[in-house]
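# Per-entry structural report
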Amino acid sequence: MADESVIVKGNGTIFLAGPPLVKAATGEEISAEDLGGASVHCKVSGVSDHFAQDELHGLAMGRNIVKNLHLAAKGANIQSSACDYQEPLYDVEELRAIAPADLKQSFDIRSVIARIVDGSEFDEFKKLYGTTLVTGFARICGQPVGIIGNNGILFTESALKGSHFIELCTQRHIPLIFLQNITGFMVGSKSEASGIAKAGAKMVMAVSCAKVPKITVIVGGSFGAGNYGMCGRAYSPNFLFLWPTARISVMGGMQAAGVLAQIEKNNKKRQGVEWSKDEEEAFKAKVAEAYDREGSPYYATARLWDDGIIDPADTRRVLSLCLSAAAKPVPEDTKYGVFRM
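Residues numbered from 1 in each chain as written. Predicted model: local features only at pLDDT ≥ 70, side-chain atom pairs only at ≥ 80, totals over all residues. Heavy atoms only, no water.

This part is about the packing of helix α6 (residues 156-171) against helix α8 (residues 196-209). Put simply, α6 and α8 touch, their axes get as near as 8 Å, and they point 25° apart. Here α6 lies roughly parallel to α8, going by the angle between them. Crossing handedness for the pair α6 and α8: left-handed. Within the contact between the two elements, α6 uses Thr156, Ala159, Leu160, Ser163 and Ile166 and α8 uses Ile196, Ala199, Gly200, Lys202, Met203, Ala206 and Val207. Taken together, the residues of the contact of α6 with α8 break down into 8 nonpolar, 3 polar and 1 charged. (Axes fitted to C-alpha atoms, helices over the stretch in contact; angles between N-to-C directions. Helix = DSSP H or I, 4+ residues; strand = E, 2+ residues; numbered from the N terminus. Parallel < 35°, antiparallel > 145°, perpendicular 65-115°, else oblique. Left-handed = near helix turned anticlockwise from the far one by under 90°. Contact = heavy atoms within 4.5 Å. Nonpolar A, V, L, I, M, F, W, Y, C, P; charged D, E, K, R; others polar.)

Another aspect to go through is the UniProt feature "domain: CoA carboxyltransferase C-terminal" (unreviewed entry) in the chain. UniProt's entry tags residues 87-332 with the feature "domain: CoA carboxyltransferase C-terminal" (unreviewed entry), counted in the numbering of this structure. The distance from the first to the last C-alpha atom of residues 87-332 is 30 Å, and the span holds 40% helix and 17% strand. (UniProt positions renumbered as here; feature names shortened; annotations may be inferred.)

Evaluated as defined, the whole model comprises 20 salt bridges. The salt bridge partner of Lys23 is Glu29, with a shortest N-O separation of 3.3 Å. In this structure Lys23 comes out as partly exposed when scored by relative accessible area, which is 45%. Here Glu29 falls in the exposed class, since its relative accessible area comes to 63%. Put simply, Glu264 and Lys268 hold a salt bridge, and the shortest N to O gap is 3.7 Å. Here the residue Glu264 and the residue Lys268 both occupy positions in helix α10 (residues 253-270), the gap between them amounting to 4 residues, near one helical turn. In this structure Glu264 comes out as partly exposed when scored by relative accessible area, which is 25%. Several salt bridges converge on common partners, so that one network encompasses Asp3, Glu4 and Arg172. (Salt bridge = Lys/Arg side-chain N within 4 Å of Asp/Glu carboxyl O. Buried < 20%, exposed > 50% of the residue type's maximum accessible area, 1.4 Å probe, protein only.)

On to helix α4 (residues 55-67), then. The end-to-end C-alpha separation of α4 is 18 Å, in line with the 18 Å expected for 13 residues at 1.5 Å each. In the core, the buried residues of α4 are packed alongside β1 (6-8) and β2 (50-52). Measuring from the backbone nitrogen of Leu56 back to the side-chain oxygen at the start of α4 gives 3.2 Å, which picks out Asp54 as the cap. (Expected span 1.5 Å × (residues − 1). Polar contact = N/O pair within 3.5 Å; in protein donor to acceptor, adjacent residues only side chain to side chain.)

Written out as structure tokens, the structure is:
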């Protein structure tokens, strides 16, 4: 199997049985494109990694894939790949205005990536699949990196995509940069039925076993199991930094207040004690206030849970220094256990 695959719109198809056999076996009438074309396999199934508009586009994608292989030879150093590089096309000072103070407001993590990577060039991996997770290859001050950033909550597809990308980076000895802005993994009956538990476990195992330098920057929220999947402190990143806009806690304040209030309400009911609405709201407000205070980046950094709060405009410079500091003379091979299927 190829590390990465490209499929051409309206031309390439992948299926176990073509339309004639499908009709004969099941009676279903379907075109080859709808059965196993580029849109199906890049957006829905995830079988293919790159969607090409035509053959020339596909060839260009192939060149980019080869460019990003970076199969470091034994004894090579990550820094040996450093070369002349371009500054980002966008002003790094703009990073101070990208992340909103209100975590309920979303922003595209690609706007951060464009301001920290060389020439603002980012070769995205599986762009159309698991779109709430952004993955791709780039360089920072000439040093190759794999970047994983959040564009929303993690679904089953997002977790599988992240696991796949991390495996590619460990195979190629490419350092990983995690840009966290995550509320967690999707919950609910539909997500559980889709296998979010095992998909999330795959991503967590890929992160924890990866023997490449890992650097985490929390640019927004970092809550619950999303912190684990995106290489939080418990998974020993080489460096972990926060932006002043960051928030970190086991869950959001309002969610925690709702959960704890329901538990307290059930306890009082068992004791035969009536809990008024005003008392419940006061309880929730107290919990939310505590989470808001202790979720502050200054609360976390004062307890040495990270390596410091950085000016967003310094992110590129800090990442470059960290990559140099984390470089190993001989890359380590990554060995995994059994990925739960």
